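If you want the building blocks of each chain, they are given just below.
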Amino acid sequence: MKSYMKAMADSIVGTGPLDVEAFENTGFDPKFVRVYSNNSASALRGALLSNYPSVTTLIGDEYASALARIYRETDRTTRRTLVGYGERFPELIGAHLDKHNLPYLQSFARLDRAWTQAHIAPDSATLVMQDLANIVGAGADLESQTLSLKPDVKLVDLDWPVLGIWSKLRQNEAISEAMELNQNPEQALVWRYQNEVISRSLSAGEFAFITAILQDKPLGEALNLAIVALPDGDVTTLLPKMVEAEIFQPLTGDTDA
Amino acid sequence: MLITEQQSGRASPALKTELPICAGIGLKPEFFNGALDHDPAQIWYEVHPENYMVEGGPRLAWLGAIRDRHALSFHGVGASLGGLDPFDTDHLAFLKRLIDRFEPRQVSEHATWSSFEGRYFADLLPLPRTRAVQDHMVERIESFQTAIGRRILIENPTNYMAGTFELDEPDFLVEIAKRAGCGLLLDVNNVYISAVNTGIDPHAYIRALPPELVGEIHIAGFTEDPVQGKALLIDTHSAPVAEPVWELLETALAHIGPRPVLLERDGNIPPFEDLLSEHARAQKALIDVCTQERRA
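Please read these numbers as outputs of a predicted model, since none were measured by experiment.

What counts and how
- Residues numbered from 1 in each chain as written.
- Chains lettered and ligands numbered in written order.
- Predicted model: local features only at pLDDT ≥ 70, side-chain atom pairs only at ≥ 80, totals over all residues.
- Heavy atoms only, no water.
- Helix = DSSP H or I, 4+ residues; strand = E, 2+ residues; numbered from the N terminus.
- Rg over C-alpha atoms; globule rule 2.2 N^0.38 Å.
- Buried < 20%, exposed > 50% of the residue type's maximum accessible area, 1.4 Å probe, protein only.
- Contact = heavy atoms within 4.5 Å.
- Areas by Shrake-Rupley, 256 points an atom, 1.4 Å probe, with all protein chains shown as cover.
- Lys, Arg positive; Asp, Glu negative; His and termini not counted.
- Charge placed at Lys NZ, Arg CZ, Asp CG, Glu CD.
- Core = buried A, V, L, I, M, F, W, Y, C linked by side-chain atoms within 4.5 Å.
- Phe/Tyr/Trp six-rings, centres within 6.5 Å; stacked < 30°, edge-to-face > 60°.
- Lys NZ or Arg CZ within 6 Å of the ring centre and 35° of its normal.
- Pairing = 2+ DSSP bridges.
- Axes fitted to C-alpha atoms, helices over the stretch in contact; angles between N-to-C directions.
- Buried area = accessible area lost by both parts, 1.4 Å probe.
- Salt bridge = Lys/Arg side-chain N within 4 Å of Asp/Glu carboxyl O.
- Polar contact = N/O pair within 3.5 Å; in protein donor to acceptor, adjacent residues only side chain to side chain.
- Parallel < 35°, antiparallel > 145°, perpendicular 65-115°, else oblique.
- Nonpolar A, V, L, I, M, F, W, Y, C, P; charged D, E, K, R; others polar.
- pLDDT = per-residue confidence, 0-100.
- Left-handed = near helix turned anticlockwise from the far one by under 90°.

A. Spatial organisation of the overall build of chain B. When you go through chain B residue by residue, the secondary structure sums to 10 helices and 12 strands. Here the C-alpha radius of gyration of chain B, 18 Å, is about what a compact globule of 296 residues would show, namely 19 Å. Seen through its principal axes, chain B has C-alpha atoms that stretch 45 × 45 × 45 Å. Burial analysis of chain B (296 residues in total) assigns 61% to the buried set. For chain B, the share of sequence-separated contacts (at least 6 apart) that also reach a separation of at least 24 residues comes to 78%. On chain B, roughly 11000 Å² of surface is accessible, and the fraction owed to carbon and sulfur atoms is 49%. Across chain B, the 26 positively charged side chains and the 43 negatively charged ones have centroids separated by 5 Å.

Here's what the structure looks like:
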């Protein structure tokens, strides 16, 4: 049976001509063996396109399918679920810039990927302002606390400022007017709020703050880095806004009283 | 109308299904709202557990909400029961966690393989119907059932390749089920497609199955191969159930007796309300067979 399975697997993956001899002992007539290859390709293509809807909308089904075929040929899928299939698709899009000539496409793909990651991330309790008030009330040093982002919070550093367009595409909103897109970086936060995935663009100060949090820097240092990144900005509301956005996990461990 | 085994006049002594004996629908994300609004007494839902193998988020919350209102069944597609690779331990562990959490009333898988040397093909590939493969399947199903702590049903495959085999498919599957202690899930659409594609008699196929082994029936739609046309049907689940499949369902219910009947739709997804008309037809077929049995 092993030689038959290998022949079938090779046929599906598309490595060389069909090994007809391997089918002889099985009783199968491999005349329509292509149906299995087609079905496998169709399942993987469908999963990839559904996981990258903005990319598919931008370049159309036909071209997205062609990219899906390249992805299938280069990605040796082992997981038995197609939820989240296409983990490396943004990298593939970046590597095939010469074929599609859409330099901003990878930024859309990265946002689609972040949406999926946020959508299926583990559930987690949420830090609320009262938690911080309790720390202060207990006489602990708030600035020395280290906050952690919830597992569903994804920071996306984009090469192109596409978050606004991406959000419209995700909500099936028509983009009726021509839009000029200049290459400028944009930092986006994608996360689950009240069980729905939402996103927002970050200011330089917010980005510095979140980056510091991801690096496990204490809260006071993270806020100072936000001030440095946005010297004319108002960082006094930064922490309350972020807490209200439900992006932090509750504090654990002893407070530094 | 919810049909009980007492009302049907015929219990299934060897296979006590815990699903209600009425028509169900394969649950798609597009149906969540409609499913939550529908009368719980007349419907049940089936999902591919692989689509819920996630760590958290709304997907699991939705499934929990459905599970709180309706009977739920798991129909796996990723186990590769007939494969030569060891079972994927991550997949088994995830499946077990989902079973423990959602307590589906039935768990089923396919008499096929879908991975080789670790690579997963996302398709249900056919097994050579030999006694050696039969032995292999018995051993694998026993291990699988032990790992997940549940007795399963195994579904007959869709066949696209004709041939000459040591065993015909009913004999192949029935012997496996008897020896492994599992049941059968009869996919009537698969039988019809296999009949067209490989030249078997679909009615004889169904009549060869011992009723007591069959715990669930599936119906679905198919499409024609773009090259071969009507001579080669593809199991796409992307169209309404075809008339010949409805007729085979009647044959199956007459032979096997009332069983939970699932309507599958995975492509060209219609509005939930449109699917309910097909669901109603399946429900009527079940009621008709119960009525006939009571008269007899």
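Having put the structure on the table, let's press on.
B. Layout of the nonpolar core. Within the largest apolar cluster, 103 residues are counted, with the highest numbers of intra-cluster contacts made by Met 8 of chain A together with Leu 27, Phe 74, Ile 154, Leu 186 and Ile 219 of chain B. It is helix 10 (residues 272–295) of chain B that contributes the most residues to this core, eight residues altogether. Sequence-distant contacts of Phe 74 of chain B, defined by excluding residues within four places in its chain, comprise Glu 46, Val 47, Pro 49, Leu 63, Leu 95, Leu 98, Ile 99, Phe 102, Pro 104, Gln 106, Val 107 and Ser 108 of chain B. Residues Leu 48, Ala 109 and Ala 188 of chain A together with Val 77 of chain B belong to the second largest nonpolar core, which totals 36 residues.

C. Local environment of the packing of aromatic side chains. Enumeration according to the criterion identifies 16 aromatic pairs over all chains in this entry. Seen in terms of ring centroids, Tyr 104 of chain A and Phe 108 of chain A are 6.1 Å apart; in terms of plane orientation they differ by 75 degrees. Their pairing is edge-to-face. By relative accessible area, Tyr 104 of chain A is classed as partly exposed at 24%. Under the relative-accessibility criterion, Phe 108 of chain A is labelled buried at 2%. Ring centres of Phe 209 of chain A and Phe 248 of chain A lie 6.4 Å apart, and the angle between their planes is 90 degrees; on these two criteria the pair is classed as edge-to-face. Separated by 39 residues along the polypeptide, Phe 209 of chain A in helix 10 (residues 204–214) and Phe 248 of chain A in the segment after helix 12 (238–244) bring together distant segments of the chain. Grouping aromatic residues by their ring pairs yields a cluster made of Tyr 4, Phe 23 and Phe 28 of chain A together with Trp 113, Phe 121 and Phe 165 of chain B. Directly above the aromatic system of Phe 165 of chain B lies the positively charged group of Arg 129 of chain B, at a separation of 4.1 Å from the ring centroid.

D. Expanded view of the environment of Phe 87 of chain B. Residue and element names in this part refer to chain B. Along the polypeptide, Phe 87 turns up in the loop between strand 3 (71–75) and helix 4 (89–102). Residue Phe 87 is classed as buried on the basis of its relative accessible area, which comes to 15%. When the C-alpha positions of Phe 87 and Gly 118 are compared, they lie 9.7 Å apart, and in sequence the two are 31 residues distant.

E. Spatial organisation of the sheet that holds strand 2 (residues 44–47) of chain B. All names here are of chain B. A barrel is described by the order of its strands in space; here eight strands give the closed sequence 1-2-3-4-7-8-9-12, paired in parallel fashion. Between one strand axis and the next, the sheet turns by 30 degrees as a mean value, whatever way the strands run. One ladder, built from three bridges, connects strand 4 (residues 106–110) with strand 7 (residues 153–155); its direction is parallel. If you follow His 110 over to strand 7, its bridge partner there is Glu 155. Sheet strands in contact with helix 7 (residues 188–198) are strand 7, strand 8 (183–187) and strand 9 (214–219), and its direction is about 60 degrees off that of strand 8. The strands that helix 9 (residues 243–256) touches are strand 8, strand 9 and strand 12 (261–263); relative to strand 9, the one it contacts most, it runs at about 170 degrees.

F. Representation of the interface of chain B and chain A in the model. Between chain B and chain A, the contact holds 49 residues from the first and 41 residues from the second. If you sort the residues of chain B by the area they bury against chain A, Arg 119, Tyr 120 and Met 161 of chain B come out on top, with a joint share of 18%. There are two salt bridges connecting chain B and chain A. Asp 88 of chain B serves as the salt-bridge partner of Arg 80 of chain A, at 3.8 Å between the closest nitrogen and oxygen. Linking chain B with chain A are 16 residue pairs in polar contact (both at pLDDT 80 or more), by the criterion used here. When contributions to the side of chain B that touches chain A are tallied by element, the ones reaching two or more residues are helix 3 (58–69), strand 5 (113–116), strand 6 (119–125), helix 5 (131–148) and strand 11 (229–234) of chain B. The greatest single-element share of the side of chain B that touches chain A, amounting to seven residues, is contributed by strand 6 of chain B.

G. Here's a closer look at the packing of helix 4 (residues 53–74) of chain A against helix 7 (residues 105–120) of chain A. All names here are of chain A. Where helix 4 contacts helix 7, the axes come no closer than 7 Å and their chain directions differ by 150 degrees. Relative to helix 7, the element helix 4 lies roughly antiparallel. On the side of helix 4, the interface is formed by Pro 53, Ser 54, Val 55, Leu 58 and Ile 59, while helix 7 contributes Leu 105, Phe 108, Ala 109 and Asp 112. Classifying every residue of the contact of helix 4 with helix 7 by side-chain character gives seven nonpolar, one polar and one charged.

H. The arrangement of the pattern of salt bridges in detail. Residues and elements named next belong to chain B. Counted under the stated rule, the structure contains 18 salt bridges over all chains. The residue Glu 243 makes a salt bridge to Arg 281 at a minimum N-O spacing of 2.8 Å. Here Arg 281 lies in helix 10 and Glu 243 lies in helix 9, a separation of 38 residues in the sequence.

I. A look at the confidence of the model for chain A. With 97% of its residues at a pLDDT of 70 or more, chain A shows a mean pLDDT of 92. No element of chain A has a lower mean pLDDT than helix 6 (residues 97–100) of chain A, at 84, and none a higher one than helix 7 of chain A, at 98.

J. Structural view of the side chain of Asp 75 of chain A. You can see Asp 75 of chain A is positioned in the loop between helix 4 and helix 5 (89–95). Note on Asp 75 of chain A: relative accessible area 14%, which makes it buried. Polar side-chain contacts of Asp 75 of chain A include one of 3.0 Å to the side chain of Thr 77 of chain A. Here Arg 88 of chain A takes part through its side chain, which lies 3.2 Å from a polar atom of the side chain of Asp 75 of chain A. Once you skip the residues sitting within four places of it in the chain, Asp 75 of chain A turns out to touch Tyr 85 and Arg 88 of chain A together with Arg 119 of chain B.

K. Here's a closer look at the packing of helix 1 (residues 2–13) of chain A against helix 3 (residues 34–51) of chain A. All names here are of chain A. Running from N to C, helix 1 and helix 3 point in directions that differ by 55 degrees, and their axes come no closer than 8 Å. As judged from the angle between their axes, helix 1 and helix 3 are oblique. Crossing geometry of helix 1 relative to helix 3 is assigned as right-handed. Contact with helix 1, carried on its side by Met 8, Ser 11 and Ile 12, involves Tyr 36, Ser 37 and Ser 40 of helix 3 and no other residues of that element.

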